[in-house]
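Given next are the chains, with one letter for each unit.
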Amino acid sequence: MKIGLVLSGGGARGIAHLGVMKALLEFGIQFDRIAGTSAGAVAGALLAEGYAPDEILKIVESLSFRRHLRPSFTRLGLLRMDKVESLFREYLGHDRFESLGIPLHVVATDLAEGEMVVFEQGELIRPLLASCCLPGLFEPYLINKRQFVDGAVLNNMPVEVVQHKVDFVLGVHCNPFATQKPITSIKGVLERSLILAVRSKTRERIAKCNLLIEPPELSRYDVYDFRHARDLFRIGYQHAHSMKVNLLKAVESSS
């Protein structure tokens, strides 16, 4: 049986994907394809490259992303991501989809055409950066003269990208919506608005998963909480373990 892993975007919350993946691998579950948006695409790429989830966590903790971001001097965004490319090359040196151990599908949004684009062959690093390019914060990322922004704008849970290529779709969604956290800043307003917009488009895709993993505790963290990387990893890992029995039953019944 072929298993497809679908990983949502979610900024720092995407670190929870690593904890989930560690648990799934401990359960003996292997992935035949991975589809991801934004943080989910990056986590999927590093796993497909051969890094263990614990290794990826150490990479995240050791990096200073802010040091590699440059101010944008245009009206299209506050920051530019071009210098982050060299950072990615340290860990994805081959820079080719074809060099990965697991087939990967990366989703980004073509800003001019208003359409979702799936990258799955050729160069790898620039599509990853395009998929992470949060509109407003980052200047759109140029690939072949096309402007790309975060894949979550149109598809934060790219289930349909793999559902007809595998027998079982396992989705990991790291943006649970909860209202208990008070909104006290402009950043909070923007974040909640983005989650609402993305969530409304995500519900029908979540329904297409054979099994969904969505740690509710992630709602206590915002998308910029990289300083809580260990906690986010732990939340993903423990939540997957709490689902172990039902998860294995679902996989076994589909085989």
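Residues numbered from 1 in each chain as written. Predicted model: local features only at pLDDT ≥ 70, side-chain atom pairs only at ≥ 80, totals over all residues. Heavy atoms only, no water.

Visitor: What is the right way to read the overall build of the chain from this model?
Guide: Per the secondary structure count, the chain includes eight helices and 11 strands. Per-residue burial over the chain gives 53% buried out of 255 residues. Pairs at least 24 apart in sequence give 74% of the contacts found in the chain among residues at least 6 apart. Carbon and sulfur atoms make up 52% of the accessible area of the chain, which amounts to about 12,100 Å² in all. (Helix = DSSP H or I, 4+ residues; strand = E, 2+ residues; numbered from the N terminus. Buried < 20%, exposed > 50% of the residue type's maximum accessible area, 1.4 Å probe, protein only. Contact = heavy atoms within 4.5 Å. Areas by Shrake-Rupley, 256 points an atom, 1.4 Å probe, with all protein chains shown as cover.)

Visitor: Explanation requested: the environment of Gly 4 in the structure shown.
Guide: Among the secondary structure elements, Gly 4 is positioned in strand S1 (residues 3-7). Taking the C-alpha atoms as reference points, Gly 4 and Leu 104, 100 residues apart in sequence, are found 9.9 Å from one another. Non-local contacts of Gly 4, meaning those with residues more than four positions away in its chain, are made with Arg 33, Val 166, Phe 168, Val 169 and Leu 170.

Visitor: It is not clear to me how the pairing of strand S2 (residues 33-37) should be interpreted in this structure. Could you clarify?
Guide: When a strand is regular, its side chains alternate between the sheet's two faces. Taken across its five residues, S2 has four buried, putting it largely inside the fold. As paired strands, S1 and S2 are joined by four bridges and run parallel to one another. For Val 6, the partnering residue across the bridge sits in S2 and is Ala 35. Following the chain from S1 across helix H1 (residues 15-26) to the adjacent parallel S2, one finds a crossover that is right-handed. Where S2 lies against strand S5 (residues 104-110), four bridges are found, and the strand directions are parallel. Note that in S5 the partner of Ala 35 across the bridge is His 105. (Pairing = 2+ DSSP bridges. Right-handed = clockwise from strand over helix to strand, strands pointing away.)

Visitor: Even after reading the chapter, I still don't get the confidence of the model for the chain, so can you show me in this structure?
Guide: Do not read the predicted coordinates in detail wherever pLDDT is low. On average, the chain scores 88 in pLDDT, and the residues at 70 or more come to 88%. Note that residues 66-79 has pLDDT below 50 and, in this model, 36 contacts with residues that lie over four places away or in other chains. (pLDDT = per-residue confidence, 0-100.)

Visitor: Explain the state of the cysteines here, please?
Guide: Working definition: the covalent bond between the sulfur atoms of two cysteines is a disulfide. Per the counting criterion, the structure on display carries zero disulfides. Cys 133 carries a free sulfur, and the closest cysteine sulfur to it, the one in Cys 132, is 8.6 Å from it. (Disulfide = S-S within 2.5 Å.)

Visitor: Looking at this model, I keep getting lost on the packing of aromatic side chains. Mind explaining?
Guide: The geometry of two aromatic rings is summed up by the distance between their centres and the angle between their planes. Applying the stated criterion to the full structure yields two aromatic pairs. Where Tyr 51 meets Tyr 91, the ring centres are 6.4 Å apart and the plane angle is 70 degrees; that geometry is what we call edge-to-face. Highlighted residues: Tyr 51 in the loop between helix H2 (39-49) and helix H3 (53-62) and Tyr 91 in the loop between helix H4 (84-89) and S5, separated in sequence by 40 residues. A centroid spacing of 5.4 Å and a plane angle of 65 degrees characterise the contact between Phe 119 and Phe 148, whose relative ring orientation is edge-to-face. Pair noted here: Phe 119 is in strand S6 (residues 115-119) and Phe 148 is in strand S9 (residues 146-150), with a separation of 29 residues, a long-range link. No difference in accessibility class separates Phe 119 from Phe 148, as the two residues are buried. (Phe/Tyr/Trp six-rings, centres within 6.5 Å; stacked < 30°, edge-to-face > 60°.)

Visitor: Would you take a moment to explain the packing of H1 against helix H7 (residues 229-242) for this structure?
Guide: Interaxial distance between H1 and H7 falls to 6 Å at its minimum, and their mutual angle equals 40 degrees. In this view, H1 runs oblique relative to H7, as classed from their interaxial angle. Crossing hand, H1 versus H7: right-handed. Mapping the contact onto sequence places Ile 15, Ala 16, Leu 18, Gly 19, Val 20, Lys 22, Ala 23 and Glu 26 in H1 and Ala 229, Leu 232, Phe 233, Gly 236, Tyr 237, Ala 240 and His 241 in H7. When the residues that make up the contact of H1 with H7 are grouped by side-chain class, the tally is 10 nonpolar, three polar and two charged. (Axes fitted to C-alpha atoms, helices over the stretch in contact; angles between N-to-C directions. Parallel < 35°, antiparallel > 145°, perpendicular 65-115°, else oblique. Left-handed = near helix turned anticlockwise from the far one by under 90°. Nonpolar A, V, L, I, M, F, W, Y, C, P; charged D, E, K, R; others polar.)

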